[in-house]
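As a plain string of letters, each chain reads:
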Amino acid sequence: MSYQLYRNTTIGNTLQESLDELISYGQITPQLALRVLIQFDKSINSALSNKVKSRITFKASKLNTYRFCDNVWTLMLNDVEFREVHEFAKVDKIKIVACDGKSTYNNDTEKNN
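For the protein chain, an unreviewed UniProt entry supplies the name Transcription initiation factor IIA subunit 2 and the organism Polypedilum vanderplanki. The UniProt entry for the protein chain carries the following text under Sequence similarities (unreviewed entry): "Belongs to the TFIIA subunit 2 family."

So, in structure tokens, the structure goes:
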């Protein structure tokens, strides 16, 4: 099973809205819409874990909370600086959700073979 985190992104929300519209017009079934969303989850997780090569570092002045559940890290940080080569950004608060995309994609691939 792939993580469903990216359904709450702009592209994920747009896909869900489009699928809902197609369902309401009777052009696709809810079962087909679910299959499309599952494929979206697999594809976005695969693309991000295999195709994105850039790295970013960050440093926070305070770690408010952290949690590790079901192989997913959730970090709540304050006063965070992000750096990527020549780029720099600073934010007051951020929530980071980190998952092991490679092992999830590999497990899905093995199940489908």
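A. Representation of the nonpolar core. Ranked by size, the top nonpolar core spans five residues in total: Leu-75, Leu-77, Val-80, Phe-82 and Ile-96. No other element matches strand β2 (residues 72-84), which puts four residues into this core. Apart from residues no more than four positions distant in its own chain, Leu-77 is found in contact with Phe-58, Ala-60, Lys-62, Leu-63, Asp-92, Lys-93, Ile-94 and Ile-96.

B. Highlighting the confidence of the model for the protein chain. On average, residues of the protein chain score 87 in pLDDT, and 87% of them are at 70 or above. Mean pLDDT values over the elements of the protein chain span from 50, in helix α3 (residues 101-112), up to 96, in helix α1 (residues 10-24). In the model, residues 104-113 has pLDDT below 50 throughout and makes eleven contacts with residues more than four positions away in sequence or in other chains.

C. Summary view of helix α2 (residues 30-50). The end-to-end C-alpha distance of α2, which contains 21 residues, comes to 30 Å, matching closely the 30 Å that a straight helix rising 1.5 Å per residue would cover. Those residues of α2 lying buried are Ala-33, Leu-37, Phe-40, Asp-41, Asn-45, Ser-46 and Ser-49.

D. Quick look at the pattern of salt bridges. Counted under the stated rule, the structure contains two salt bridges. For Asp-41, the salt bridge is made with Arg-7, and the minimal N-O distance between the two is 2.5 Å. Separated by 34 residues along the polypeptide, Asp-41 in helix α2 and Arg-7 in the segment before α1 bring together distant segments of the chain.

E. Summary view of the packing of aromatic side chains. All chains considered together, the criterion is met by three aromatic pairs. Each ring, one from Tyr-66 and one from Trp-73, has its centre 6.5 Å from the other, and the planes form 40°; the classification is tilted. The exposure class of Tyr-66 is exposed, given its relative accessible area of 58%. For Trp-73, a relative accessible area of 40% translates into the label partly exposed. Ring geometry for Phe-68 against Trp-73: centres 4.7 Å apart, planes inclined by 40°, an arrangement best described as tilted. Of the aromatic side chains, those joined through ring pairs into one cluster are Tyr-66, Phe-68 and Trp-73.

Criteria and cut-off values
Residue positions are given per chain, counting from 1 as you read along its sequence in written order. Under the rules for a predicted model, residues below a pLDDT of 70 receive no local features and side-chain atom pairs below 80 are neither given nor counted, while totals for whole chains, interfaces and linings still include all residues. To get the side-chain values, take all heavy atoms of the structure and skip hydrogens and water. UniProt positions are given in the numbering used here, feature names are shortened, and annotations may be inferred rather than shown by experiment. Among the buried residues, those of types Ala, Val, Leu, Ile, Met, Phe, Trp, Tyr and Cys that are joined through side-chain atoms within 4.5 Å form a nonpolar core. Per-residue accessibility, obtained with a 1.4 Å probe over protein chains only, is compared with the maximum for each type, and a residue is labelled buried under 20%, exposed over 50%, and partly exposed between these values. Only DSSP runs of H or I reaching four residues or more are called helices, and only runs of E reaching two or more are called strands; each is numbered from the N terminus. We call two residues in contact when some of their heavy atoms are within 4.5 Å. Looking at any residue, its pLDDT shows the predictor's confidence there, from 0 to 100. Here a helix's expected span is defined as the number of its residues, less one, multiplied by 1.5 Å. Should a side-chain nitrogen of Lys or Arg be within 4 Å of a carboxyl oxygen of Asp or Glu, the pair is scored as a salt bridge. Think of it this way: a Phe, Tyr or Trp ring, Trp meaning its six-membered ring, pairs with another when their centres are within 6.5 Å, and the plane angle makes it stacked under 30 degrees, edge-to-face over 60, tilted otherwise.

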